[in-house]
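Topology and contacts: notes
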Amino acid sequence: MSAFPTIATPAGPVPYDAPAWNRQRHSQMPSHRYRDVYARVEIPLTEREWPNCRLTRAPLWVPVDLRDGNQALPEPMDPARKQRFFELMVAMGYKEIEVGYPSASQTDFDFVRLIAEADIAPDDVTIVVFTPARRDLIERTVESVRGIANPVVIHMYTATAPVWRDVVLGHPASELKELILAGGRDVLKLTEGMPNARFEFSPEVFNLTEPDYVLDICDAITTLWDAAPERPVILNLPATVEIATPNVYADQIEYMHKNLTRRESVILSVHPHNDRGTGIACAELAVLAGAQRVEGCVFGNGERTGNVDIATLALNLHAQGVDPMIDFSDIGEIRRTVEHCNQLELHPRHPYAGDLVHTAFSGTHQDAIKKGFAEHHARATVQRRPEREIEWRVPYLPIDPADIGRSYDAVIRVNSQSGKGGISYLLETRYGIELPRRLQIDLARHVQYHTDATGTELSAAQLWAIFQEAYLSDGTIADVALMSYETTEAGGRVTTTVTLRVDGEVHTSTHSETGPVEALTSALAAHGRPVDVLSLHQTSIRAGSDSDALTLLEHRAPDGISWTGGVDRSVLTATLNAVIRAANSTASALAGRR
């Protein structure tokens, strides 16, 4: 069973006109609902060819989170997080994934061996590994992929720009070309007997390299590797460090596209970075200019300001009526997984995936959105069609939030404290409580209900009272209580004993190799009170040594995502209290339905 049950992996037929190396399938995303920009506004053209082109189909997406994105983390992913990230990308429908830099670390090497030895990569997923053009490192890289039955790409790179040649590598242009070709010959020699292997070359810092020099190297490497339509070579042209406006990069890509000797035997790929904040534009213009494949990270993680964000690129296509061929219909699950694996929180204003990107705080925006929703509903009624099937044209919302699994609550709700200091600001300055962003949005709904009923301005004390009622009360049903717990260790084995009172009866259970929180959730599930924990956030009430711990728990409830809290001097006890409160709140919600 998939670890991501809410994500529908694209499973339809491969498009009849797709090349053999692109096995992406049609997703369930309703991209047909949108018109592209050319249907909405006149776009001025130039004499170049690429401005006359349109984005009409998705390129081959190649996520490099497990290599390039992993190298950019203060603490690189451990094997468990790498595997979870890999499984997410497979579930979303990626068909070519760069999984690591096997010669750089034992962790990367071991992860590639895991793919070789475990059944975690579907047959139609191509595995890419990365190596410098140096024989010993190529040997280590090829060793890592031996035995993998999937298609494999050996991705060799060398920096080619003048400053890198002179300052970093210490090779003049002619010597560097020979070094690259020597690496290419090593790749050929070491992969003999591997019919599933194909090759990729990256002239790193392509965008700062003389065009004719990099063209000469690329033609030489495709000749060496005998590129052919049935076994194409990938030429990946990175904007390793952004140095110009995106149109310049597009010009460079178009030059290569038009002048490569074996163009029909080349998959032209790009790898933009985001140093100038225009990585998205660079990638989009590069595809217009002839690129067929885009390397990047799911939410743009990477060195410095990051790699190009391929989630934003894909959803930009979706908003233009083009199927991205990757499933983003549960953006919340994707985001939680990526944040867990990277240990980096996504910005609340991140395009499409940020907490606040579908929330209007301005009264005029809210009014326009509400009118747009009303018109959308009326139009669907007149056409006698489901609202999810008709064209989307609600003001201020480029796409329907429901397409990516977002509810409409966050869209139509306005921050009730806008202009009055802010709910979270008052709670933090008065009580020292730091709330996670998603809880801030949920709390605003409770505050809005109160202000609608009273019509009065709320003080910090009143906000705290609303908070306690919403997240720290036991609800209408409190049929579960934690009587005691005890964790013991003997012979290196941890055992937790939990005693619960459920519907007036006391039950004791023992759980091996789990801590108190996991043991409690297991015990609750065994008695028909499951708590599906999505996230935990710990803060404190009032700063200082005498402060109480406050645990805030995000969990699935019958009516969607819900929050509960727990308070105690002990962080662990506060967390257990939050879990028990979640179990009781779920019971209350189910009783309310009846």
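Residues numbered from 1 in each chain as written. Predicted model: local features only at pLDDT ≥ 70, side-chain atom pairs only at ≥ 80, totals over all residues. Heavy atoms only, no water.

Digging into the overall build of the protein chain
Check the secondary structure of the protein chain and you find 18 helices and 14 strands. Relative to a compact globule of 594 residues, whose C-alpha radius of gyration would be 25 Å, the protein chain shows 27 Å and is just as compact. C-alpha extents for the protein chain along the principal axes are approximately 80 × 70 × 45 Å. Counting every position in the protein chain, which comprises 594 residues, the buried fraction comes to 52%. A separation of at least 24 residues holds for 68% of the contacts in the protein chain among residues at least 6 apart in sequence. Carbon and sulfur atoms form 51% of the exposed surface of the protein chain, whose accessible area is close to 26300 Å². Averaging the coordinates of the 56 positive side-chain charges in the protein chain and doing the same for the 78 negative ones gives two points 4 Å apart. (Helix = DSSP H or I, 4+ residues; strand = E, 2+ residues; numbered from the N terminus. Rg over C-alpha atoms; globule rule 2.2 N^0.38 Å. Buried < 20%, exposed > 50% of the residue type's maximum accessible area, 1.4 Å probe, protein only. Contact = heavy atoms within 4.5 Å. Areas by Shrake-Rupley, 256 points an atom, 1.4 Å probe, with all protein chains shown as cover. Lys, Arg positive; Asp, Glu negative; His and termini not counted. Charge placed at Lys NZ, Arg CZ, Asp CG, Glu CD.)

What to know about the UniProt feature "domain: Pyruvate carboxyltransferase" (unreviewed entry) in the protein chain
Mapped onto the present numbering, the UniProt feature "domain: Pyruvate carboxyltransferase" (unreviewed entry) falls at residues 59-332. In residues 59-332, the share of helix is 44% and the share of strand is 18%. The end C-alpha atoms are 24 Å apart. (UniProt positions renumbered as here; feature names shortened; annotations may be inferred.)

A few points about helix α8 (residues 246-259)
Across its 14 residues, α8 extends 20 Å between first and last C-alpha, which sits within 8% of the 20 Å expected from 1.5 Å per residue. Of all the residues in α8, the buried ones are Pro246, Tyr249, Ala250, Ile253, Glu254 and Met256. Down the axis of α8, the smallest arc covering the buried residues is 160 degrees, so these residues share one side. Each element contacted by the buried residues of α8 is listed here: α7 (211-224), β6 (233-239), β7 (266-272) and α9 (279-288). (Expected span 1.5 Å × (residues − 1). Arc of directions from axis to C-beta.)

A word on the nonpolar core
A general feature of soluble globular proteins is that nonpolar side chains tend to end up buried together. Within the largest apolar cluster, 105 residues are counted, with the highest numbers of intra-cluster contacts made by Trp61, Phe86, Tyr94, Val99, Ile253 and Phe328. When residues of this core are assigned to domains, at least three fall in each of domain 1 (65-342) and domain 2 (363-472). Leave out the neighbours within four places in its chain, and Tyr94 touches Trp61, Pro63, Met89, Val125, Val298, Ile310, Ile326 and Phe328. (Core = buried A, V, L, I, M, F, W, Y, C linked by side-chain atoms within 4.5 Å. Domains from an automatic or database assignment.)

Remarks on the domain arrangement of the protein chain
On domain assignment, one finds that the protein chain holds domain 1 (65-342), domain 2 (363-472) and domain 3 (480-592). One C-alpha centre belongs to domain 1, the other to domain 3, and the line joining them spans 44 Å.

Concerning the UniProt feature "binding site: Mg(2+)" (unreviewed entry) in the protein chain
In the numbering adopted here, UniProt assigns the feature "binding site: Mg(2+)" (unreviewed entry) to Asp68, His271, His273 and Asn307. Across 240 residues of sequence, these annotated residues stay compact in space, with a maximum C-alpha separation of 10.8 Å. Relative to the helices and strands, His273 resides in the loop between β7 and α9. Since its relative accessible area comes to 5%, His273 is described here as buried. Leaving out residues up to four positions away in the same chain, His273 has contacts with Asp68, Ala239, Thr240, Glu242, Gly279, Glu303, Arg304, Gly306, Asn307 and Val308. Looking at the secondary structure, you find Asn307 in the loop between β8 (293-296) and α10 (310-319). A residue is classified by how much of its surface remains accessible, and Asn307, at 2% relative accessible area, is buried. Discounting chain neighbours no more than four positions away, the residues touching Asn307 are Val64, Asp68, Gly69, His271, Pro272, His273, Asn274, Gly296, Cys297, Gly300, Asn301 and Gly302. In terms of polar contacts, Asn307 uses its side chain to reach the backbone carbonyl oxygen of Asn301, at 3.5 Å. (Polar contact = N/O pair within 3.5 Å; in protein donor to acceptor, adjacent residues only side chain to side chain.)

Considering the environment of Arg262
Tracing the backbone shows Arg262 in the loop between α8 and β7. On a C-alpha basis, the gap between Arg262 and Asp36 in space is 33 Å, while along the polypeptide they are 226 residues apart. Once you skip the residues sitting within four places of it in the chain, Arg262 turns out to touch Thr222, Thr223, Asp226 and Ala227.

With respect to the sheet that holds strand β14 (residues 560-568)
Read across the open sheet, the 3 strands follow the order β12-β13-β14; overall the sheet is antiparallel. With one partner strand each, in any of the chains shown, β12 (532-541) and β14 form the two edges of the open sheet. Taking the axes of each pair of neighbouring strands and ignoring which way they run, one obtains an average angle of 20 degrees across the sheet. Bridging between strand β13 (residues 548-557) and β14 involves 9 bridges; their strand directions are antiparallel. Its bridge partner being in β14, Thr551 is matched across the sheet by Gly566. (Pairing = 2+ DSSP bridges. Axes fitted to C-alpha atoms, helices over the stretch in contact; angles between N-to-C directions.)

So, the sheet that holds strand β10 (residues 493-502)
With antiparallel pairing, the 3 strands of this open sheet are ordered in space as β9-β10-β11. Of all strands in the sheet, those bounded by a partner on one side alone are β9 (480-490) and β11 (505-512). Ignoring strand direction, the axes of neighbouring strands in this sheet form an average angle of 15 degrees. Of the pairings in the sheet, the one linking β10 to β11 comprises 8 bridges and is antiparallel in character. In the strand pairing of β11, Thr496 is matched with His511. Sitting on the sheet, helix α17 (residues 516-526) touches β9, β10 and β11, and the angle it makes with β10 is about 45 degrees.

Digging into the pattern of salt bridges
Applying the stated criterion to the full structure yields 42 salt bridges. With its nearest N and O atoms 3.4 Å apart, the salt bridge here joins Glu139 to Arg135. With Glu139 and Arg135 both in helix α4 (residues 135-145), this residue pair falls 4 residues apart, about one helical turn. With relative accessibility at 39%, the residue Arg135 sits in the partly exposed group. Among the ionic pairs, Lys258 bridges to Glu254, the shortest N-O distance being 3.1 Å. Taken together, the residues Lys258 and Glu254, both in helix α8 and 4 residues apart, mark about one turn of the helix. Judged by relative accessible area, which is 10%, Glu254 ranks as buried. Through salt bridges with shared partners, one network takes in Arg84, Glu333, Arg336, Asp532 and Arg556. (Salt bridge = Lys/Arg side-chain N within 4 Å of Asp/Glu carboxyl O.)

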